[in-house]
Amino acid sequence: MSNRLITVTQPFLPPLEEFIPYLEEIWKTRRLTNAGPFHWRLEMALAEYLGVEHIALFASGTLALMTALKALGLSGEIITTPFSFVATTHALWWGGITPVFADIDPNSLNLDPKAVEAAITPRTTAILPVHVYGRPCDVNAIQRVADVHDLKVIYDAAHAFAVRDSGGDITRHGDLSVLSFHATKVFTTCEGGAIVCPDAETKRRIDLLKNFGVADEVTVLTTGINGKMSELQAAFGLLQLRHVDAAIRRRREIDTFYRRRLEHIPGIECPPLPADIVWNHAYFPILVQSDYPLSRDGLYHRLRERGIHARRYFYPLISEFPMYRNLPSAAPTHLPIARDVAKKVLCLPIYPALKDEEMDAIIGMIAETD
Ligand SMILES: *Cc1c(COP(=O)(O)O)cnc(C)c1O
């Protein structure tokens, strides 16, 4: 193995020559942003690829989340998971909404619908679950809770690009779903994101919100924000999309390899593949149990010393960060399962360019028993 650090993920970069024609077109048209031709082409291409009707592109997943909350006019309290990337809860805070944390399910690692129901108060307006690692939430149970209590559901689907259940793309669930196209995600536009919308009217409202609320030269209809994706990002996305199936196939091979080899290592548990799902293999989480010879942090540091930067996604829990830890719902006793998982989890490197011998070496390091 070379001396380079192997990180948990690495963006898939198609051959540079393939990007040149896109750049030539941008130089020719001089359109850099503001709903240019690549922006529309990527929206159409993504809608077709995912099999959804309406999608609105954004400059980042976080801006898309913030705009989704505005588009639904949400306020008060929103119930969410502490086991996610901090942007999920930050989006609520930026919208003047009080986050209420509920515990996760030990199998799906996503919000437990029963814990959600128990967290509802008269101020609750919505649920913000995350399909963590691209593993689908219990969408039916969550919708039942939402229907009974008249709540909106916004899915943070940042990890769930191209994840399908038996009925189609996972982003069709809830009132809105938000994707991230950050460089660390399965499909990337460097920075970027999108909202999957249920109908044309909702998309029109969201497109207005992401463009300052500006309808035409003399008309501003609402207090919008600048969430627009540029032409360079959109062009990069179109190129990525040509290769994303191959990238996911390679991720699947890595997943299969890890899973087979880790089966025989006592104390290492791989959360089972989600059932009846076409998964994107966005992450490869393992749970380091107490019968493994090292603690999770011990294993993390051993790998780190040998050039493997596995990541403790998601540790600390969002509810443990200083700006949230004084919320009543952030009390450690309220979130026992999330705390337990955050203490045990480690995400191994998984990305298309990861080499067979690197996968093999990583497993070798985990298998060492002294
Ligand atoms: C990446 C990520 C985001 C934020 O997306 P950006 O595009 O980086 O702004 C939100 N939620 C989760 C769960 C993420 O992993």
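Attention in this report is confined to the structure presented alongside it.

Conventions adopted
- Residues numbered from 1 in each chain as written.
- Predicted model: local features only at pLDDT ≥ 70, side-chain atom pairs only at ≥ 80, totals over all residues.
- Heavy atoms only, no water.
- Axes fitted to C-alpha atoms, helices over the stretch in contact; angles between N-to-C directions.
- Helix = DSSP H or I, 4+ residues; strand = E, 2+ residues; numbered from the N terminus.
- Parallel < 35°, antiparallel > 145°, perpendicular 65-115°, else oblique.
- Left-handed = near helix turned anticlockwise from the far one by under 90°.
- Contact = heavy atoms within 4.5 Å.
- Nonpolar A, V, L, I, M, F, W, Y, C, P; charged D, E, K, R; others polar.
- Pairing = 2+ DSSP bridges.
- Near = heavy atom within 4 Å.
- Polar contact = N/O pair within 3.5 Å; in protein donor to acceptor, adjacent residues only side chain to side chain.
- Areas by Shrake-Rupley, 256 points an atom, 1.4 Å probe, with all protein chains shown as cover.
- Buried < 20%, exposed > 50% of the residue type's maximum accessible area, 1.4 Å probe, protein only.

### As for the packing of helix α8 (residues 231-262) against helix α11 (residues 356-367)
The geometry of a pair of packed helices is captured by two quantities: the angle between their axes and the separation between those axes. Relative orientation of the contacting elements α8 and α11 amounts to 30 degrees, with a least axis distance of 11 Å. Between α8 and α11, the interaxial angle falls into the category roughly parallel. The interaxial crossing formed by α8 with α11 has right-handed handedness. The segment α8 lies against α11, with R250, I254, F257, Y258, R261 and L262 engaging D356, M359, D360, I362, I363 and I366. Its residues assigned to classes, the contact of α8 with α11 comprises 8 nonpolar, no polar and 4 charged.

### Some thoughts on the sheet that holds strand β13 (residues 268-269)
In a beta sheet, neighbouring strands are held together by backbone hydrogen bonds and run either parallel or antiparallel to one another. Taken together, 3 strands build an open sheet; the order of strands is β13-β14-β16 and the sheet is antiparallel. Both outer strands of the open sheet, β13 and β16 (345-348), are each paired with one neighbouring strand and no more. One ladder, built from 2 bridges, connects β13 with strand β14 (residues 284-288); its direction is antiparallel. Bridge pairing links E269 to L287 in β14. Sitting on the sheet, α8 is in contact with β13, β14 and β16, with an inclination near 15 degrees to β14. Each of β14 and β16 touches helix α10 (residues 336-344); the most contacted strand, β16, lies at about 45 degrees to it.

### What about the site of the ligand?
As a structural note, the neighbourhood of the ligand is formed by 15 residues, with T62, D156, H159, S180 and K185 the closest of them. Contact between the ligand and G61: an oxygen atom at 2.8 Å from a main-chain N or O atom of the residue. Residue D156 places a side-chain N or O atom 2.7 Å away from a nitrogen atom belonging to the ligand. Taken by itself the ligand offers 380 Å² of open surface, and the protein chains cover 92% of this. Secondary-structure elements contributing two or more residues to the shell around the ligand are α3 (61-71) and α4 (87-94).

### With respect to helix α6 (residues 139-149)
Among all positions of α6, only V139, A141, I142, V145 and A146 are buried. Considering only its buried residues, α6 is in contact with α5 (113-118), β5 (124-128) and β6 (152-156). Phi turns positive one or two residues past the end of α6, at D150, with a value near 55 degrees.

### So, unusual backbone geometry
Of note, the bond from Y313 into F314 is cis; its omega dihedral lies within 30 degrees of zero at 5 degrees. With respect to the helices and strands, F314 occurs in the loop between β15 (308-309) and α10. Despite not being glycine, D150 shows a phi value in the positive range, around 55 degrees. Tracing the backbone through its elements, the reader meets D150 in the loop between α6 and β6. For D150, a relative accessible area of 69% translates into the label exposed.

On their own, these measurements won't tell you what the molecule is for.
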